[in-house]
Structures are given as C-alpha cells and as structure tokens.
Amino acid sequence: MKYIKGKFAILVLILAILSISCVSASVDDGNRTNMTELNVSSAGPTDLNKIIHEIRSNQYYKGYNNDTVNWMESLGSKGVFSSPDALIVMDWDDAKKLPSEHVTDLYIELFIKCEVVGNHSLGNGTVFKDVLEVKNVTYQGKEIHDLRSK
C-alpha cells in the first residue's frame with residue numbers, strides 16, 4: 001500500500017509539472033501572437049502634431065478621413081515613423097529605441113517588432129496610408145538600400 005501511495009504521489013507531481021509547463025507555454029505563445037513585425041524608414045521620428053498639421057493643410061492629403069485625424073489628435077504627444085503604406089505612431093520612449101538616420105542617396109529600412117494597439121485609415125482620397133498606434137517596440141535590425149545603384 002505504501003508503494004502505491006508513493007507511485008501516486010510521483011504521478012501527481014509529474015502531472016503538476018506538466019500542467020505548469022503547458023500553461024507557461026501557452027502564455028508565451030499568446031504574447032508572441034500579439035507582436036507584429038514592421039519595416040519603417042530610419043528618417044524619424046517626426047512629432048505627431050506636425051504630421052497632423054501637414055495632413056490638414058497639404059493638398060497631398062486631400063480627402064483624408066477626418067475621424068482618423070481626430071483620433072490622431074486624441075493620442076497626445078507621440079513620435080511617428082513612416083513606411084511606404086503606413087504612419088507608425090508610438091510613445092517617445094519607444095521612438096528613442098530606434099536609430100534615427102537621415103541620409104541622402106540611401107534608404108535605410110528599420111525592422112521592428114511591436115504590438116499594434118490602434119489601426120485607422122486616412123481614407124480614400126489621394127493617400128491610402130494606414131495609421132498604426134504601437135507599443136512595446138523592439139528594434140530588430142536594419143537594411144541599407146543604395147539608391148544610386150538603380
């Protein structure tokens with residue numbers, strides 16, 4: 001009988017360890033699925049208020065979605081990096097994690113991982129960019145494209 005109780009205790013202990021491992025793994029996977037990989041230009045960050053002013057006053061943005069711009073205004077003081085199809089809005093603390101480089105004859109593309117917490121479109125006017133609010137930004141690396149060789 002003592003032998004069976006000992007085996008039962010070991011079995012319960014093994015099951016408990018496996019249960020904890022499974023829960024830990026599922027929590028880890030849950031965090032990874034919320035992360036998104038984005039590519040942005042190294043020529044940033046730009047102050048969000050400056051971007052909003054450009055959208056409201058520049059003919060290039062004619063037909064912009066006013067609800068999206070109002071939402072952008074509600075975000076307060078933020079930094080913005082751009083990509084060919086999106087404006088990436090983040091807290092200044094996250095923006096400072098990214099190496100900002102303004103260059104000529106080159107395009108430096110930064111690779112980041114982040115959590116997207118807001119996604120809006122500037123609309124169906126001249127510009128079809130999305131506006132993404134992100135947090136928990138992690139710098140992954142960069143790629144330099146020489147524009148002179150094309």
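Before reading on, note that the structure itself is shown above.
Residues numbered from 1 in each chain as written. Predicted model: local features only at pLDDT ≥ 70, side-chain atom pairs only at ≥ 80, totals over all residues. Heavy atoms only, no water.

Peer 1: Explain the nonpolar core to me, using residue names and the numbers behind them.
Peer 2: Formed by 15 residues in total, the largest nonpolar core has its most connected members in I88, M90 and V134. Counting only elements with at least two residues in this core, the list comes to strand 1 (35–41), strand 4 (86–90), strand 5 (106–121) and strand 6 (130–146). Contacts of V134, omitting those with residues within four sequence positions, involve L38, I88, V89, M90, C114, E115, V116 and V117. (Core = buried A, V, L, I, M, F, W, Y, C linked by side-chain atoms within 4.5 Å. Buried < 20%, exposed > 50% of the residue type's maximum accessible area, 1.4 Å probe, protein only. Helix = DSSP H or I, 4+ residues; strand = E, 2+ residues; numbered from the N terminus. Contact = heavy atoms within 4.5 Å.)

Peer 1: Summarise the sheet that holds strand 1; cite the residues concerned and give the values.
Peer 2: Spatially, the six strands line up as an open sheet ordered 1-5-6-4-3-2, and their pairing is mixed. Each edge of the sheet is formed by a strand with only one pairing partner; in this case those strands are strand 1 and strand 2 (46–47). Of the pairings in the sheet, the one linking strand 3 (residues 79–83) to strand 4 comprises five bridges and is antiparallel in character. Paired with G79 across the two strands is M90, which belongs to strand 4. (Pairing = 2+ DSSP bridges.)

Peer 1: Lay out the packing of helix 2 (residues 48–57) against helix 3 (residues 66–74) in plain terms, naming residues and giving numbers.
Peer 2: As a packed pair, helix 2 and helix 3 sit with axes 10 Å apart at the nearest point and diverge in direction by 160 degrees. Accordingly, the angle class assigned to the pair helix 2 and helix 3 is roughly antiparallel. In this structure, the crossing between helix 2 and helix 3 has a hand that is left-handed. Where helix 2 abuts helix 3, its residues L48, I51, I52, I55 and R56 lie against N66, V69, N70, M72 and E73. Within the contact of helix 2 with helix 3, the residues separate by chemical class into six nonpolar, two polar and two charged. (Axes fitted to C-alpha atoms, helices over the stretch in contact; angles between N-to-C directions. Parallel < 35°, antiparallel > 145°, perpendicular 65-115°, else oblique. Left-handed = near helix turned anticlockwise from the far one by under 90°. Nonpolar A, V, L, I, M, F, W, Y, C, P; charged D, E, K, R; others polar.)

Peer 1: Describe helix 3, listing the residues and the values that go with them.
Peer 2: Among the residues making up helix 3, those that are buried are T68, V69, W71 and M72. Viewed along the axis of helix 3, the buried residues span an arc of 155 degrees, placing them on a single side of the element. Helix 3 presents D67 and S74 as exposed residues on the side facing more than 90 degrees away from its buried surface. Tucked into the core, helix 3 has its buried residues touching helix 2, strand 5 and strand 6. With a side-chain oxygen lying 2.8 Å from the backbone nitrogen of D67, the N-terminal cap of helix 3 falls on N65. Two residues or fewer past helix 3, G76 is found with a positive phi of approximately 80 degrees. (Arc of directions from axis to C-beta. Polar contact = N/O pair within 3.5 Å; in protein donor to acceptor, adjacent residues only side chain to side chain.)

Peer 1: Can you lay out the environment of S41 for me, pointing to particular residues and giving the numbers?
Peer 2: Within the secondary structure, S41 sits in strand 1. Each C-alpha atom, one on S41 and one on F81, is 6.5 Å from the other, the two residues being 40 residues apart in sequence. Discounting chain neighbours no more than four positions away, the residues touching S41 are F81, S82, Y107, I108 and L110. Reaching out from S41, the side chain makes a polar contact with the backbone nitrogen of A43 at a distance of 3.1 Å.

Peer 1: Report on unusual backbone geometry, specifying residues and quantitative values.
Peer 2: The residue after G44, namely P45, is reached through a cis peptide bond having omega -5 degrees. The topology assignment puts P45 in the loop between strand 1 and strand 2.

Peer 1: Quick one: what's the story with helix 2, residue by residue and with numbers?
Peer 2: Listed in full, the buried residues belonging to helix 2 are L48, I51, I52 and I55. Around the axis of helix 2, the buried residues are gathered within 100 degrees of arc, so they sit on the same side. Those residues of helix 2 that are exposed and aimed more than 90 degrees away from the buried face are H53 and S57. N-cap assignment for helix 2: the residue whose side-chain oxygen lies 2.8 Å from the backbone N of N49 is D47.

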